[in-house]
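The lines below spell out each chain.
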Amino acid sequence: MKATVLLGVMSVAVAAPLGYTMAKRHQEKIHLIQTQIAQEQVTQQAQADVAALLRQIELYHKRLPSELNPSWLVTEVVALGERAGLQLTRIAQEQPQSLQAFTRLAVTLEFSTSYHQLGAFLDLIERSEQFIRVERLEAKSDPSRAEGTDASIRLTLSTVYLPPVLRGAGR
């Protein structure tokens, strides 16, 4: 009987550290797997965020001219002016201006119009599918018009051209 008890105690003495070591290794593996899962989730979220940003950038790029052609802006602005019912009296296209990584395209318009038509025109520019920026607006009342409802307007509009390299061409 003493031999059986001694054998049992020895078995426990050998099995306990072995069981503890195995349990410890198992816990370490679980912790490692949990860490890898957390890292993978962070990586996947970062990839999803980058993909969403790239889609957003592509949408913005589509709003810019596809070639370095200053008349592009004139064509867009004249079409919007016609929709608003403007009678343009002067269109002055500025020379393209290279700035660091892009080129600024601008046009200055002169016209007489009612404040309502001016508001409609500016609204069309703001809601345009193309990126067009109002840089300068000068308005003078035209006293020769009835009740001062018309104004003489000088308006400078611009946009930017990004070369294909910056547009992400070849993606």
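Source: prediction; values computed, not measured.

1. Focus on the pairing of strand β5 (residues 150-161)
Most of β5 sits inside the fold, with nine of its twelve residues counted as buried. Note: strand β3 (residues 102-114) against β5, twelve bridges, orientation antiparallel. Residue pairing in the sheet places Ala-106 in a bridge with Ser-158 of β5. Here strand β4 (residues 133-141) runs beside β5; their pairing, made up of eight bridges, is antiparallel. Bridge pairing in β5 places Lys-140 opposite Ser-152.

2. Examining the packing of aromatic side chains
In the structure shown here, the tally under the stated rule is one aromatic pair. A ring pair is formed by Phe-111 and Phe-121, whose centres lie 6.0 Å apart and whose planes are at 85°; its orientation type is edge-to-face. Placement of the pair is Phe-111 in strand β3 and Phe-121 in helix α3 (residues 115-127), with a sequence separation of ten residues. Owing to a relative accessible area of 2%, Phe-111 belongs among the buried residues under this scheme.

3. Side note on the nonpolar core
Counting 19 residues, the largest nonpolar core has Val-77, Val-107, Leu-109, Phe-111, Phe-121, Ile-132 and Leu-157 as the members making the most contacts within it. Only α2 (71-84), β3, α3 and β5 provide two or more residues apiece to this core. In terms of residue count, α2 provides more of this core than any other element does, six residues in total. Non-local contacts of Val-107, meaning those with residues more than four positions away in its chain, are made with Leu-73, Val-74, Val-77, Ile-91, Ala-92, Gln-93, Glu-94, Leu-155, Thr-156 and Leu-157.

4. Notes on the packing of α2 against α3
Angle between the axes and distance between the axes are the two parameters that describe a pair of packed helices. Interaxial distance between α2 and α3 falls to 9 Å at its minimum, and their mutual angle equals 135°. When the axis of α2 is compared with that of α3, the two are oblique. In this structure, α2 meets α3 at a crossing whose hand is right-handed. Facing Val-77, Leu-80, Gly-81, Arg-83 and Ala-84 of α2, the residues of α3 in contact are Gln-117, Ala-120, Phe-121, Leu-124 and Ile-125. Looking at the contact of α2 with α3, its residues break down into seven nonpolar, two polar and one charged.

5. Thoughts on unusual backbone geometry
Despite not being glycine, Gln-100 has its phi angle at roughly 25°, a positive value. Here Gln-100 lies in the loop between β2 (97-99) and β3.

The rules behind these values
- Residues numbered from 1 in each chain as written.
- Predicted model: local features only at pLDDT ≥ 70, side-chain atom pairs only at ≥ 80, totals over all residues.
- Heavy atoms only, no water.
- Buried < 20%, exposed > 50% of the residue type's maximum accessible area, 1.4 Å probe, protein only.
- Helix = DSSP H or I, 4+ residues; strand = E, 2+ residues; numbered from the N terminus.
- Pairing = 2+ DSSP bridges.
- Phe/Tyr/Trp six-rings, centres within 6.5 Å; stacked < 30°, edge-to-face > 60°.
- Core = buried A, V, L, I, M, F, W, Y, C linked by side-chain atoms within 4.5 Å.
- Contact = heavy atoms within 4.5 Å.
- Axes fitted to C-alpha atoms, helices over the stretch in contact; angles between N-to-C directions.
- Parallel < 35°, antiparallel > 145°, perpendicular 65-115°, else oblique.
- Left-handed = near helix turned anticlockwise from the far one by under 90°.
- Nonpolar A, V, L, I, M, F, W, Y, C, P; charged D, E, K, R; others polar.

Shape is all these values report; function is a separate question.
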